[in-house]
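# Coordinate analysis (summary)
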Amino acid sequence: VQEEMAAEINVSKVGQEMKVIIDREEEEYYIGRTEFDSPEVDPEVLIPVSEGTLSLGTFYEVKITDADDFDLYGTRMF
C-alpha cells in the first residue's frame with residue numbers, strides 16, 4: 001500500500017519545476033532531493049550527468065520528467 005501511495009505522489013510531480021539540491025554523483029546520474037525532502041526518507045531526484053556539470057551542495061531548478069515508485073527523474077532548467 002505504501003509503495004502505491006508513494007508512486008501516486010511521485011507521478012503527480014511530473015511536469016513540475018522544483019528546486020533540487022545535489023547530494024552526490026553516481027555513475028550516470030547526479031542524485032539530489034527537492035528543497036522539501038529529507039535525505040534517506042523521501043524520493044531522490046536523478047539528473048543525467050549528460051546534462052552538464054553540477055556542483056554538490058548546490059540548488060538547481062529542475063523539471064521533473066518522469067517518476068517511479070521511489071525516485072523522480074529530471075532535467076536541469078537553464
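Being a predicted model, the structure only gives us computed values, none of them experimental.

For the rest of this paragraph, the subject is the confidence of the model for the protein chain. Summary statistics for the protein chain give a mean pLDDT of 93 and a share of 100% for residues scoring 70 or more. Ranking the elements of the protein chain by mean pLDDT puts helix H1 (residues 2-12) last, at 86, and strand S3 (residues 44-48) first, at 98.

Pairing between sheet strands relies on hydrogen bonds along the backbone, with the strands arranged either parallel or antiparallel. Here five strands make up a closed barrel; going around it, the order is S1-S2-S3-S5-S4 and the pairing mixed. Ignoring strand direction, the axes of neighbouring strands in this sheet form an average angle of 55°.

Here the focus is the packing of aromatic side chains. The tally for this structure, following the rule as stated, stands at one aromatic pair. Measuring from centroid to centroid gives 6.2 Å for Tyr-29 and Tyr-73, while their planes differ by 65°, and the two rings are edge-to-face. You can see Tyr-29 sitting in strand S2 (residues 29-34) and its partner Tyr-73 sitting in strand S5 (residues 71-76), a full 44 residues away along the chain. Take Tyr-73: its relative accessible area is 22%, and that puts it in the partly exposed class.

The rules we used
- Residue numbering note: each chain is counted from 1, following its sequence as written.
- Where totals are concerned, whole chains, interfaces and linings use all residues; where local detail is concerned, this predicted model gives features only for residues with pLDDT of at least 70, and gives and counts side-chain atom pairs only at 80 or more.
- Only heavy atoms go into the side-chain values, all of them from the structure, while hydrogens and water stay out.
- The predictor's confidence in any single residue is recorded as pLDDT, a number from 0 to 100.
- Secondary structure elements are taken from DSSP: a helix is a run of H or I of four residues or more, a strand is a run of E of two residues or more, and numbering for both begins at the N terminus.
- Between any two strands, at least two bridges found by DSSP are needed for them to pair.
- Under this scheme, a helix contributes an axis fitted over its contacting stretch, all axes are lines through C-alpha atoms, and angles between N-to-C directions fall in the 0 to 180 degree range.
- Here a Phe, Tyr or Trp ring, Trp counted by its six-membered ring, pairs with any other such ring whose centre lies within 6.5 Å, and the pair is stacked when the planes are under 30 degrees apart, edge-to-face when over 60, and tilted otherwise.
- Relative accessible area decides the class of each residue, using a 1.4 Å probe on protein chains only: under 20% of the type maximum gives buried, over 50% gives exposed, and in between gives partly exposed.

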